[in-house]
Amino acid sequence: MSNNFPVPSPATHGELPQQENGGRPSPVIAVRHLVKTYMVGQTEVHALRGISLQVYPGEFVAVMGPSGSGKSTLLNLIGCLDRPTSGDYWLMGTPVSRMSANQLAGTRNQRIGFVFQGFNLLARASALSNVMLPMVYAGRSSKERERRARRALQLVGLAARVNHLPAQLSGGQQQRVAIARALVNHPSLLLADEPTGNLDSRTSLEILGLLQVLNEQGITIMLVTHNQDVADCAKRRVVFRDGRIVRDETIPVPRSVQEIWAAEVKQGSDGTGVQIEEERSHE
Ligand code: ADP
């Protein structure tokens, strides 16, 4: 895959051209020469050494690489959780690198959904309350917030579990609540950091199936993983080493979770996809 960044002309310095690559839509993410250096005492830690990358609408990108290679640092920068030492970042054509802390927080809340390895749900809040939380800052009425949260939980197959506390849900269900929470503000981008890292292989498949369905519905996904099977479910693989991208390739035939389910159901086991449908039927 081409990694040529659309270098802004002098007249539009800092502005991302709206159309490039012969009419291809503007990237959701465009980063150029992104550098992140941490100071630990007197020592500089070069976490990112000049990353250039574009991610287009509808892509599903798996970010791989050894521990310490810079994957989480990049995800934090793309997720507006941190600022680069140097370099530029455009999110949906908006130059993020120049935003104030308040603008960054607003962008994060409105445009980006996060899913983490540890689910990060509020233990004492129901699934519904957890999913309603990101909308507190969006100035919506409580009725509207509840309606949208119920819809998001329905989308992930948990309409029958809205009043459950996280501890009353399985790991896979908790991660689905987290995905519903990530989607509830209709973000342009879903960022996932090892979303299946705490789940057994069967439940991982369930979550990956959900991510694939969401991606088919048009959500752009960037997912960090150590697991090759997980990465094979994406459409593109970006490999990091020592703060640099060393490989960036299209996955010609992504592993289809639906097909794995279908094969399992054919063999007589109760596929995970069927389970999601069952939970929906309790609405
Ligand atoms: P990965 O996600 O690929 O495991 P990270 O992005 O977490 O890698 O880390 C990249 C490098 O930056 C590592 O050497 C790590 O020790 C260092 N690093 C990450 N976060 C910090 C921090 N807050 N302070 C200092 N060094 C950090």
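Residues numbered from 1 in each chain as written. Predicted model: local features only at pLDDT ≥ 70, side-chain atom pairs only at ≥ 80, totals over all residues.

**Student:** Mind showing me how you'd approach the overall build of the chain here?
**Tutor:** Secondary structure assignment for the chain yields nine helices and 10 strands. When contacts within the chain are restricted to residue pairs at least 6 apart in sequence, long-range pairs at least 24 apart make up 68% of them. (Helix = DSSP H or I, 4+ residues; strand = E, 2+ residues; numbered from the N terminus. Contact = placed C-beta atoms within 7 Å.)

**Student:** Teacher, can you tell me more about the site of the ligand here?
**Tutor:** Taken together, Tyr38, Val40, Val45, Ala47, Gly65, Ser67, Gly68, Ser69, Gly70, Lys71, Ser72 and Thr73 are the residues near the ligand. Residue assignment for the shell around the ligand shows that the elements contributing at least two residues are β1 (29-40), β2 (43-55) and α1 (71-78). When grouped by side-chain class, the residues that make up the shell around the ligand number four nonpolar, seven polar and one charged. (Near = placed C-beta within 6 Å. Nonpolar A, V, L, I, M, F, W, Y, C, P; charged D, E, K, R; others polar.)

**Student:** What am I meant to see in the sheet that holds β2 here?
**Tutor:** Within a sheet, adjacent strands bond to each other through the backbone by hydrogen bonds, running parallel or antiparallel. Spatially, the four strands line up as an open sheet ordered β2-β1-β4-β5, and their pairing is antiparallel. In the strand order of this sheet, the two ends are held by β2 and β5 (94-95), each with one partner. Alignment of strand β4 (residues 86-91) against β5, held across two bridges, turns out to be antiparallel. The residue of β5 that forms the bridge with Trp90 is Pro95. (Pairing = 2+ DSSP bridges.)

**Student:** What is the right way to read the packing of helix α5 (residues 171-183) against helix α6 (residues 201-216) from this model?
**Tutor:** Each packed pair of helices is defined by two parameters, the angle between the axes and the distance between the axes. Interhelical geometry of α5 versus α6 gives an angle of 20° and a closest axis separation of 9 Å. Relative to α6, the element α5 lies roughly parallel. With respect to the hand of their crossing, α5 and α6 are arranged in right-handed fashion. Taken together, the residues of α6 that come into contact with α5 (itself represented by Gly171, Gly172, Gln175, Arg176 and Ile179) are Thr203, Glu206, Ile207 and Leu210. For the contact of α5 with α6, the per-class residue count stands at three nonpolar, four polar and two charged. (Axes fitted to C-alpha atoms, helices over the stretch in contact; angles between N-to-C directions. Parallel < 35°, antiparallel > 145°, perpendicular 65-115°, else oblique. Left-handed = near helix turned anticlockwise from the far one by under 90°.)

**Student:** Just to check I follow, could you spell out the environment of Glu144 for this structure?
**Tutor:** By secondary structure assignment, the location of Glu144 is in helix α4 (residues 142-155). Here the alpha-carbon distance between Glu144 and Met132, two residues 12 residues apart in the chain, equals 9.6 Å.

**Student:** Any chance you could explain the sheet that holds strand β9 (residues 236-241) here in plain terms?
**Tutor:** Spatially, β6-β7-β8-β3-β9-β10 is the arrangement adopted by the six strands of the open sheet, whose pairing is mixed. Sheet topology places β6 (112-116) and β10 (244-250) at the edges, where each strand pairs with a single neighbour. Across this sheet, the average inter-strand angle for adjacent strands is 15°, counted without regard to direction.

**Student:** In this structure, what is going on with the pairing of β1? I would like to understand it.
**Tutor:** On a regular strand, each side chain points to the face opposite its neighbour's, so the side chains alternate between the two faces of the sheet. As judged from the 10 bridges shared by β1 and β2, these two strands associate in the antiparallel manner. Looking across to β2, one finds that Val31 is bridged to Leu53. Here five bridges tie β1 to β4, and the two strands are oriented antiparallel to one another. Among the inter-strand pairings, Ile29 is bridged to a residue of β4, identified as Leu91.

**Student:** What should I look at first to understand the nonpolar core in this one?
**Tutor:** Nonpolar side chains tend toward joint burial in soluble globular proteins. Among the nonpolar cores identified, the biggest contains 71 residues, and Val63, Val131 and Ala180 are the most heavily contacted of them. The residues contacting Val63, other than those within four sequence positions of it, are Lys71, Leu74, Met222, Leu223, Val224, Val238 and Phe240. (Core = buried A, V, L, I, M, F, W, Y, C linked by C-beta atoms within 7 Å. Buried ≥ 20, exposed ≤ 12 C-beta atoms within 10 Å, placed from the backbone.)

**Student:** Please explain the pairing of strand β7 (residues 189-193) as it appears in this structure.
**Tutor:** Of all five residues in β7, five are buried, a share of seventy percent or more. Residues of β7 alternate between two faces, with Leu189, Leu191 and Asp193 on one and Leu190 and Ala192 on the opposite face, all of them buried. The pairing of β6 with β7 spans five bridges and is classified as parallel. Paired with Val115 across the bridge in β7 is Ala192.

**Student:** I tried to follow the confidence of the model for the chain on my own but got confused; where do I start?
**Tutor:** Atomic detail in the predicted coordinates should be set aside for any region of low pLDDT. When pLDDT is averaged across the chain, the result is 85; 86% of the residues are at 70 or more. Residue range residues 1-20 is modelled with pLDDT below 50. Its contacts to residues more than four positions away, or to other chains, number 26 contacts. (pLDDT = per-residue confidence, 0-100.)

**Student:** Which parts of the structure should I look at to understand α5?
**Tutor:** Along an α-helix, residues three or four apart share an orientation, since each turn contains 3.6 residues. If you check α5, its first and last C-alpha atoms are 18 Å apart, about what 13 residues at 1.5 Å a residue would give, namely 18 Å. Of all 13 residues in α5, 12 are buried; the element is thus mostly enclosed. Looking only at α5, the buried set comprises Gly172, Gln173, Gln174, Gln175, Arg176, Val177, Ala178, Ile179, Ala180, Arg181, Ala182 and Leu183. Along its buried surface, α5 packs onto β6, α3 (127-132), α4, β7 and α6. (Expected span 1.5 Å × (residues − 1).)

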